[in-house]
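# Overview (structure and organization)
Spelled out from the first residue to the last, the chains are:
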Amino acid sequence: MIEVKHLTKYYGRTLAVDDISFYIDAGSVVGFLGPNGAGKTTTLRMLTCFMPATSGSATVADYDVFSQSLQVRSRVGYMPENVPLYPEMRVREYLMFRAALRGLGHKRRSSAVDRAAERCWLAKPEDMMRRRIDQLSRGYRQRVGLADCLLHEPEVLVLDEPTIGLDPAQVREMRNLIRSLGENHTVILSSHILAEVEQICSRLVIISGGRIVAQGTSSELRRQVSGPSRVIVELKGGRPEQMAASVADVGGVLDVQHTRAGNWTRLTVQCAEEADLRQDVAALVTAKGYQLRELRREIGSLEDFFVQMTYEQTTRD
Amino acid sequence: MRKVLILARRELSAYFYSPMAYVIAALFLLMVGVIFLWGVRVPFLKIEMEPVFRSGAEATLRPLFDVLAYGLAVVVPLLTMRLVAEELRSGTIETLMTAPVTDAAVILGKFIGAFVLYLLLLAATGVFFALIVVFGKPDWGVAGMGYLGMVLLGAAYISVGLFASTLTRHQLVAGLIGIAVLAFFTGGLYLVVLAVPAEYAQTVAKLNMITYFADFSRGVFDTRALVFFLTVTAFFLFISVKVLESRRWR
Amino acid sequence: MAVKPEKSDSGKSTSRDLKASRRAAGVNVVISIAVATALLIVVNVISNKKSYRCDMETLGRYGLSDSAEKILGQIDQPVRLTSIYTSTKPDRKPQEYLPRLRDMMGEIARQKSGVTVVNVTSDRAKAEVLARLRRVLDEAAADHHGIIKDFQILDGKQGPQYEGLARQWAEYPSGGWLEQFRTPKALEAAMGATRKQLRETAMELRLDLAAAALPDYPDMVLRVKGTLKELQDRMKQISGGLRKLSALPEKAAKAKPELTTAADQVKTAIAKASGKIGRADAPMPSNPQKVLEAFAANVRQAADSAQLAAAALERFAGEGYILAARSWRFERATLPHRYHRLAAELNRIADQTEGLLRITAKADVQKQLITWARQRMPQHLAQADAVRKAVNRLLDELTKLDEPTKKIFAGVKQDNYLQAQIKPLAELLARAGKAKPMPEHLSELIEKIGQDNIVLIEIGDIAGVVGFDEVWPLAAGRQTDQADEDDQGKRVFHGDSAVCAKMLSMTAEPFAEIVLTFFEDIPPRYLWQQRPPLVGPIISLQLETIRQRLKKANLKVTEWNIAKQPKPPATKDMPQVLLILPPPEPSPTPPGTPQQRPQWSPDEAAKVRKVIDGGTSAIFLAGYFYPRYMGRVAMPAYYGFGDYLRNDWGIDVKVALRVIQTRPDPLNPGTFKLPIHTWRHMPLSAFTDHPVGEPLKARRLYWLDVCPITVVSDSKTGAIIKDILAIPKGRCEMWAISDIKSLIGKVEQSEPLDADPNSGDLLPPFAVAVEARKQIKGEQVRIIVLAAGESFTDYYLQNPMIRFSEGGTIAYDPPPTADVDLLINSVYHLAGRDEYIGAGPAIVEPIEQIAPGTMLGVKILCGIAVPMLMFAIGIVVMIVRKR
């Protein structure tokens, strides 16, 4: 459905998007995940023909975004991050206007607007359609923006940070909505919150510093992402530093941190990837005669990976 | 084409739903009223004008039009400055440009919206013309040509103002640019003509918008003026479209 | 996998394509903008070359009229139009009057190539224009200029000479010979005065040359001539006088013997008579009678000799300078007079003596007389002696020349005293007399250039000026033709016609000939006692203004005196139009006049008729002719062509009725009052659409002694008659009155007036100017009758109009020169040149009077209500929106 090849974007001297390529099947809900400034919005803008790429190509539904932008635009529904709307218009007016812009004839316009409004839960409060846009809360504005995207029943929906600024209840609503939309449309959304993306999307594309650092389903990614594992030990019986030092002697230990946990000392033992040092640590503890009350292993998570990516991006910048 | 009209209609309603338009319209009509009834006296520019509407004066709106030709060079950019600049500032340009409408349609729609507003303003001056009709016998040919000239002049001014509006997201800057360009091509060139040696004076005068308007204000229909205004309007609309399009390939 | 990374080589080429296509897009845009700009310029240039222009005005005339366009089409030389509108008078503000003119001049420049238009509004620019004209003028007036310059040189050269001469005479030795005539002082003063006059004139000329916009060369040359003549005459007089004086010594010497002898004789005779009568202390003679008789005879002789002496002296002096000589007078009386007095006294004595002797023979009375005479005689003897001495003194003084005077006389005798001065004066005077007269357009230029608000037209080398009143003539009054005081300032724009007509007159050759046709016999002045001039009510000599205007309108003007010529002068390929003045009444020949005088008769009228029937057009001037009174009987007014017009054309010119214009009396509806100023200057602009009069509808025209013209009903002449200027029905304040005398009586008594049809008054509608045309032998012949003939005479067209302004004071308006336009238009029309008839000024209705209350309402409406309305609409819309 959407094919992106070696897309690059320079803003002057700054490289915003660095040679990204991916392919999105029809019908999937894909999340673009990345820290702020990773290039998500830029990529989306390039996909929706708002901005040209510096090099590379992108096609949506087999139409090239640069040379066949009108066809692309008529198949895409785009909701920008800040949901720009005309504040002086009423909701229904706005939607009718947008429907007309998208080429819907008179007769179809009204029903399309009603349908989209229904879908986006704008029909509920009776006067919602009559309200002026500058009187709406953020949540409702986003629903209006979303309704705008749905008017012409596009094949692709592109949503930039659709849940940003919403309260938890609204976030949940939005998530449900997007999930339901995903049944009929190909949806790309971007976010910097992993939890959300994981919940809504079937696939993830992780972008950092303008580059794709990982893409796939959530479980694939977790498998792909291998970060350092940790062993958490809580013991008693010696001075913390001493205990820490002795544990550090265990082979494969990268680092030991110690903190107090009540009367006990908690040691965080960083191990190499894939290493499982529980047995070794237990053996040492027993050998040393320390008291042991907890011994567990933590493997690197997507969050860590994500945080690390963020960190790396900032250091790179 | 339908989309152009839809855009135009939205633009027009945007004008009507904002206080700015009414303020400018009221001030414009006030200015017209003052010139109409009290005349203009600016000593240091050596401008001295009797009121247009007074017993014994010729029954014509011509002096009013002549002053408006200069006055609108300031008023019209103020009206058009928000056309594109506001969209740039608020970000609605994104939804506009990602909708399946051509940039030309966008510009044309905005132009038509502003133009219709301008026509309504001109229609409001009909009050003054009605007074002249009641109290005198104006020359209908002159009046007709005068209004035609105002319409064409307005179209050209709006297209310049629209172009200025595409250049920046700051409305005020767009307004100032528009005023500067128009002021140059009206009053500025007038001064240049005075300063320049005689051989070039004719050519320079041909660039001055007011020269072409003067014919209409006298009641003379000259294709040169018609062509001038139409081509200038078309030109500025064209480059506005190009500026807008440039976002797509810059 | 749904999301796969793709890494294929095709990516690189697509990215290259994208870069290329982006660059291409950018270049495309630049090119397209460049093309658009080029298109913008090219399209406009093309449209400039081939443009269509259409003037949509329906009423006013910002553009050019057809006649103006035609005239412009005929001019093929470069034209320069300069408007000089710099007036500071409040009723001539350039801001108000210039823009329209400027537009029109722009139109002319647009219509016609080769026209330069300059608008001068500052005094500095005006000075530049004047400087340029000055150069042209100086060239054309090179002669004059030269004369003036030479005069100034003369002043420079001769001035010191006169000073020198004055000094010479001041230094004349006192006691010199000429002193007795007070000559040196007189000559010193004369020289000084001459020097002063010369210098003052030269200075005036210099000021005029430097200061004046355009120096009035002819006038200056006139002044030079005057001064030169004065000076020349004075110098000649002085030179001649000195010459005469120089002849005096000789004359005196010659006359000396005679005069001295005569003087001696007087003394001797008196002495003799004294001797006869004896001395006072001598004894009484015995025979008084005889003594007295002898005495009387001697006394008479003495008296005679005194007379002789006086006569001799008078002869000697003649009328010459001797009379001015100091010594000519003795004791406050001239010498001859002294002798005359002496003679008179002596004669009285003789008379008394003889008288007494006749009356009485008584000795004692006679003795008393002798005593008396004895007392008287010594006086007279002494007197005679004194006078004799005086005579000798005179002769001495006259003959005794001193050296300096001898020298002067030497020069004088050779007749070259002051020649050095006189000759240059005479030469320059002769040159000044021969100076070429200025071309007429330049003198008009000089005359008019100083006026406010003019348009200067230069075509080739000829320059002309169109004045403010021609471009912006006063407008006709609105509802009635009355000239109300308050619309004095209202003017209409007549610029295109005025300017184009002027250009026409400057460039075109005459295209028609106007023949002033009249019947006049004017013998030389000294015969007027026996043969008074025989002229009609309008005399050809009174039409000088018309002549000039016709010439300026590019028409040739000739004359045909029916009394002297049987036919009008032959024409050279130009249409002729007769301008026919009313002929004199046929008067009975006074008995006993030997010469046959030409008389007006129907035969003479037939001459005119023949010419008209031959195809020549004619304009008949007629009007109201005052009745002549023989005693109390008023002789009916006579119009020599009345019958002809009635019989041949069906036009009845009622010269016995006078059209008057009155004002309705608001207190007595239906009656009218006659304002005095409309008696002489009757405003009437009720022109029809006839091409002759139509352009004048908006102009203010005044008429004198107008009579009505009516059409004879059922006339079988076949003539079609059209009104040009008519008084329409319903104008009850204007009618034609038949009885002037009673009218004047009523006005004097301040009685109300009304039309009285019973007494012969004629009510409107009637015409005052008509055109008639008919077929004569297959040709169409046209005539025009203007029944306002008096309005074209010089004294009407050259004298200002009097009017009474509001305060009851008398004001003067410029003379009604616009009347001539009717005549000119008529001529153009009959000459077949309708296209030259200048279009009239635009009849643009101004905004009418607005009551102050209404005005206030309007101000509130426009100034406050409308903007407020706009605000209100906005507020309402905002409120509705907010809900």
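Residues numbered from 1 in each chain as written. Chains lettered and ligands numbered in written order. Predicted model: local features only at pLDDT ≥ 70, side-chain atom pairs only at ≥ 80, totals over all residues. Heavy atoms only, no water.

## Concerning the overall build of chain B
How we decide: Helix numbers and strand numbers start at the N terminus; a helix is a DSSP run of H or I with at least 4 residues, a strand a run of E with at least 2. C-alpha atoms define the radius of gyration in this analysis, and the globule rule sets the expected value at 2.2 Å times the number of residues to the power 0.38. Buried residues are those whose accessible area, probed at 1.4 Å on protein chains only, stays under 20% of the maximum for their type, while exposed residues exceed 50% and partly exposed ones sit between those limits. Throughout, a contact is declared for two residues whenever any of their heavy atoms are within 4.5 Å. Note on areas: Shrake-Rupley, 1.4 Å probe, and residue coverage restricted to the protein chains presented here. Within this scheme the basic residues Lys and Arg register as positive and the acidic residues Asp and Glu register as negative, but His and the chain ends are omitted. By convention, the charge on Lys lies at NZ, on Arg at CZ, on Asp at CG and on Glu at CD.
Along the backbone of chain B there are 12 helices and three strands. Computed over the C-alpha atoms, the radius of gyration of chain B is 19 Å, within 12% of the 18 Å expected from 2.2 N^0.38 for a compact globule of 250 residues. Seen through its C-alpha atoms, chain B measures out along the principal axes to roughly 60 × 45 × 35 Å. For chain B, the proportion of its 250 residues judged to be buried stands at 61%. Taking the intrachain contacts of chain B between residues at least 6 apart in sequence as the baseline, contacts between residues at least 24 apart amount to 75%. Taken as a whole, chain B presents about 9500 Å² of accessible surface, with 73% of it coming from carbon and sulfur. Taken as two groups, the 20 positive and 14 negative side-chain charges of chain B have centres that lie 6 Å from each other.

## Topic: the overall build of chain C
Summing up its helical and strand segments, chain C has 23 helices and 26 strands in all. The principal-axis extents of the C-alpha atoms in chain C amount to approximately 195 × 95 × 70 Å. Considering chain C as a whole, with its 883 residues, one finds that 48% of them fall into the buried category. Looking at chain C alone, contacts between residues at least 24 apart form 77% of all its contacts between residues at least 6 apart. Approximately 43400 Å² of chain C is accessible, and the part contributed by carbon and sulfur atoms is 55%. Computed over 119 positive and 103 negative side-chain charges, the inter-centroid distance for chain C is 6 Å.

## Considerations on the nonpolar core
Heads up, the condition is: We define the nonpolar core as a collection of buried residues of types Ala, Val, Leu, Ile, Met, Phe, Trp, Tyr and Cys that are connected through side-chain atoms lying within 4.5 Å of one another.
Residues A:Leu95, A:Leu122, B:Phe36 and B:Leu61 are the most contacted members of the largest nonpolar core, which totals 177 residues. Among the elements that make up this core, the one with the highest residue count is helix 8 (residues 140-166) of chain B (13 residues).

## Section: the pairing of strand 13 (residues 264-271) of chain A
Residues and elements named next belong to chain A. Short version of the rule: Any two strands with at least two DSSP bridges between them are considered paired.
Most of strand 13 sits out of view: six of its eight residues are buried. Two strands pair when backbone bridges link them, and strand 11 (residues 230-236) and strand 13 are joined in this way by six bridges, in the antiparallel orientation. Along strand 13, the bridge assignment pairs Val 231 with Val 269. Pairing of strand 12 (residues 253-261) with strand 13, which is carried by eight bridges, proceeds in the antiparallel orientation. Along strand 13, the bridge assignment pairs Gln 257 with Thr 268. If you look at the hairpin formed by strand 12 and strand 13, you'll find two residues sitting between the two strands, and Gly 262 has a positive phi there, around 70°.

## With respect to helix 11 (residues 209-218) of chain B
Residues and elements named next belong to chain B. Note the cut-off: In protein, a polar contact means a hydrogen-donor-capable atom and an acceptor-capable atom, both N or O and within 3.5 Å, with residues adjacent in sequence counting only if both atoms are side-chain atoms; elsewhere, any N or O pair within 3.5 Å suffices.
Among the 10 residues of helix 11, eight are classified as buried, and the element is accordingly described as predominantly covered. Along helix 11, the positions that sit buried rather than exposed are Met 209, Ile 210, Tyr 212, Phe 213, Asp 215, Phe 216, Ser 217 and Arg 218. The opening residue of helix 11 is Asn 208, an N-cap whose side-chain oxygen sits 2.9 Å from the backbone nitrogen of Ile 210. Remark: Gly 219 follows helix 11 within two positions and exhibits a positive phi of approximately 95°.

## Quick notes on the interface of chain C and chain B
We count it as follows: Buried area adds together the accessible area that both of two parts lose upon being put together, with accessible area traced by a 1.4 Å probe. The salt bridge definition used is simple: a Lys or Arg side-chain nitrogen within 4 Å of an Asp or Glu carboxyl oxygen. We call Asp, Glu, Lys and Arg charged. Ala, Val, Leu, Ile, Met, Phe, Trp, Tyr, Cys and Pro are nonpolar, and the rest, Gly among them, are polar.
Every contact between the two is made by 55 residues of chain C and, on the other side, 59 residues of chain B. Both faces considered, chain C and chain B share a buried interface measuring about 5000 Å² in area, 66% of it formed by carbon and sulfur atoms. Joining chain C to chain B, the criterion identifies zero salt bridges. Counting across the interface, chain C meets chain B through one residue pair in polar contact (both at pLDDT 80 or more). Elements represented by at least two residues in the side of chain C that touches chain B include exactly helix 1 (10-49), strand 1 (53-55), helix 3 (94-111) and helix 23 (852-882) of chain C. Top element by residues in the side of chain C that touches chain B is helix 23 of chain C. It accounts for 16 residues. Broken down by class, the residue content of the side of chain C that touches chain B amounts to 26 nonpolar, 14 polar and 15 charged.

## Looking at the domain arrangement of chain C
Condition: The start and end points of each domain follow an automatic or database-based domain assignment.
We note that the domain assignment places domain 1 (66-130 + 455-471), domain 2 (145-431), domain 3 (509-587 + 598-836) and domain 4 (851-883) within chain C. For domain 1 of chain C and domain 2 of chain C, the distance between their C-alpha centres works out to 69 Å.

## Quick word on the environment of C:Ala831
Mapped onto the secondary structure, C:Ala831 falls in the loop between helix 22 (819-830) and helix 23. When neighbours within four sequence positions are excluded, C:Ala831 is seen to be in contact with C:Ala512, C:Pro575 and C:Val577.

## Let's talk about the pairing of strand 8 (residues 513-518) of chain C
Residues and elements named next belong to chain C. The condition that has to hold: Crossover handedness is defined by viewing with both strands directed away from the observer: a clockwise path from the first strand over the helix to the second marks the crossover as right-handed.
Extensive coverage of strand 8 is indicated by the burial of six of its six residues. Side chains Glu 513, Val 515 and Thr 517 project from strand 8 onto one buried face, and the interleaved Ile 514, Leu 516 and Phe 518 project onto a second face that is buried too. Bridge analysis of strand 8 against strand 9 (residues 556-561) gives six bridges, and the strand direction is parallel. Paired with Val 515 across the two strands is Thr 558, which belongs to strand 9. Following the chain from strand 8 across helix 16 (residues 544-552) to the adjacent parallel strand 9, one finds a crossover that is right-handed.

## So, the sheet that holds strand 13 of chain A
Through backbone hydrogen bonds, the strands of a sheet pair up, either in parallel or in antiparallel fashion. Residue and element names in this part refer to chain A. Where we set the bar: Only the stretch in contact is used when fitting a helix axis, every axis being a line fitted to C-alpha atoms; angles between N-to-C directions are given from 0 to 180 degrees.
Pairing within the open sheet is antiparallel, and its four strands lie in the order 12-13-11-14. On the outer flanks of this sheet lie strand 12 and strand 14 (291-298), each paired with one strand and no other. Each strand axis lies, on average, 15° off the axis of its neighbour in the sheet, ignoring direction. Sheet strands in contact with helix 9 (residues 240-248) are strand 11, strand 12 and strand 13, and its direction is about 155° off that of strand 12. Along the sheet, helix 10 (residues 278-288) makes contact with strand 11 and strand 14, crossing strand 14 at roughly 165°.

## Details of a nonpolar patch on the surface
In plain terms, the rule: Surface patches are defined over residues having more than 30% relative accessible area and no salt bridge, joining like charges when they lie within 9 Å and nonpolar side chains (Val, Leu, Ile, Met, Phe, Trp, Tyr) when within 5 Å.
Among the surface-exposed residues, B:Val23, B:Leu27, B:Leu30, B:Val34, B:Trp38, C:Leu856, C:Ile860, C:Ile864, C:Met868, C:Phe871, C:Ile875 and C:Ile879 lie close enough to one another that they form a single nonpolar patch of about 1100 Å² accessible area. Counting only elements with at least two residues in the nonpolar patch, the list comes to helix 2 (19-37) of chain B together with helix 23 of chain C. The biggest single contributor to the nonpolar patch is helix 23 of chain C, with seven residues. With respect to the helices, strands and loops of the structure, B:Leu30 is situated in helix 2.

## Some words on the confidence of the model for chain C
Residues and elements named next belong to chain C. Definition in use: Values of pLDDT, the confidence the predictor places in each residue, fall between 0 and 100.
Of all residues in chain C, 93% attain a pLDDT of 70 or more, and the chain-wide mean is 82. When mean pLDDT is compared element by element in chain C, strand 11 (residues 617-621) scores highest at 92, while strand 12 (residues 628-630) scores lowest at 74. Throughout residues 1-11 the model reports pLDDT below 50, and contacts reaching past four residues in sequence, or to other chains, amount to 23 contacts.

## What about the sheet that holds strand 3 (residues 29-33) of chain A?
Residues and elements named next belong to chain A. Strands sit in the order 6-7-8-3-9-10 across an open sheet of six strands; the sheet is mixed. Each having just a single partner strand, strand 6 (76-79) and strand 10 (211-217) make up the two edges of the open sheet. Each adjacent strand pair in this sheet contributes to an overall mean axis angle of 15°, direction not counted. Note: strand 3 against strand 8 (residues 186-191), five bridges, orientation parallel. If you follow Val 29 over to strand 8, its bridge partner there is Val 187. Packed onto the sheet, helix 1 (residues 40-47) meets strand 3, strand 6, strand 7 (156-160), strand 8 and strand 9 (203-208) and runs at close to 150° relative to strand 8.

## Notes on helix 15 (residues 495-507) of chain C
Formally: How far a helix is expected to stretch is found by multiplying one less than its residue total by 1.5 Å.
In this model, helix 15 of chain C (13 residues) spans 18 Å end to end at C-alpha, consistent with the 18 Å of a helix rising 1.5 Å per residue. In terms of residue burial, helix 15 of chain C counts as a mostly covered element, since 10 of its 13 residues are buried.

## Quick notes on the side chain of C:Ser617
Counting through the fold element by element, C:Ser617 comes out in strand 11. The residues contacting C:Ser617, other than those within four sequence positions of it, are C:Gln576, C:Val577, C:Leu578, C:Arg782 and C:Leu830.

## Concerning the confidence of the model for chain B
Summary statistics for chain B give a mean pLDDT of 86 and a share of 92% for residues scoring 70 or more. Highest mean pLDDT in chain B belongs to helix 6 (residues 103-124) of chain B (93); lowest belongs to strand 2 (residues 47-49) of chain B (66).

## What to know about the environment of B:Thr80
Mapped onto the elements, B:Thr80 comes out in helix 3 (residues 62-80). If near-sequence neighbours (up to four positions away) are discounted, B:Thr80 is found in contact with B:Tyr15, B:Ala114, B:Ile158, B:Gly161, B:Leu162 and B:Ser165.

## Describing the pattern of salt bridges
Side chains that carry opposite charge are capable of pairing whenever their charged atoms lie near each other. Using the criterion set out here, one finds 61 salt bridges over all chains in the structure. A salt bridge links A:Arg239 to A:Glu241; its shortest N-O distance comes to 3.7 Å. Taking relative accessible area as the criterion, A:Glu241 reaches 43% and is therefore assigned partly exposed. For the salt bridge of C:Asp821 with C:Arg699, the shortest nitrogen-to-oxygen distance reads 3.3 Å. Of this pair, C:Asp821 sits in helix 22 while C:Arg699 sits in the loop between strand 18 (682-683) and strand 19 (702-703), placing them 122 residues apart in sequence. It is possible to trace a salt-bridge network through shared partners that takes in A:Glu88, B:Arg10, B:Glu11, B:Arg82, B:Glu87 and B:Lys110.

## Notes on the packing of aromatic side chains
Two aromatic rings are characterised by how far apart their centres lie and by the angle between their planes. Let me state the cut-off plainly: Geometry of aromatic contacts follows a simple scheme: Phe, Tyr and Trp rings, the Trp one being its six-membered ring, pair when their centres are within 6.5 Å, and the pair is stacked under 30 degrees between planes, edge-to-face over 60, tilted otherwise. For a Lys NZ or an Arg CZ to count as sitting over a ring, it must be within 6 Å of the ring centre and within 35 degrees of the ring normal.
Under the counting rule described, the total for this entry stands at 30 aromatic pairs over all chains. Judged by centre distance (6.4 Å) and plane angle (45°), the ring pair of B:Phe16 and B:Tyr22 falls under tilted. Connected via pairs of aromatic rings, a cluster forms that spans C:Phe519, C:Trp600, C:Phe620, C:Phe625, C:Tyr639, C:Phe641 and C:Tyr644. Sitting over the ring of C:Trp679, C:Arg658 keeps its end group 3.8 Å from the ring centre.

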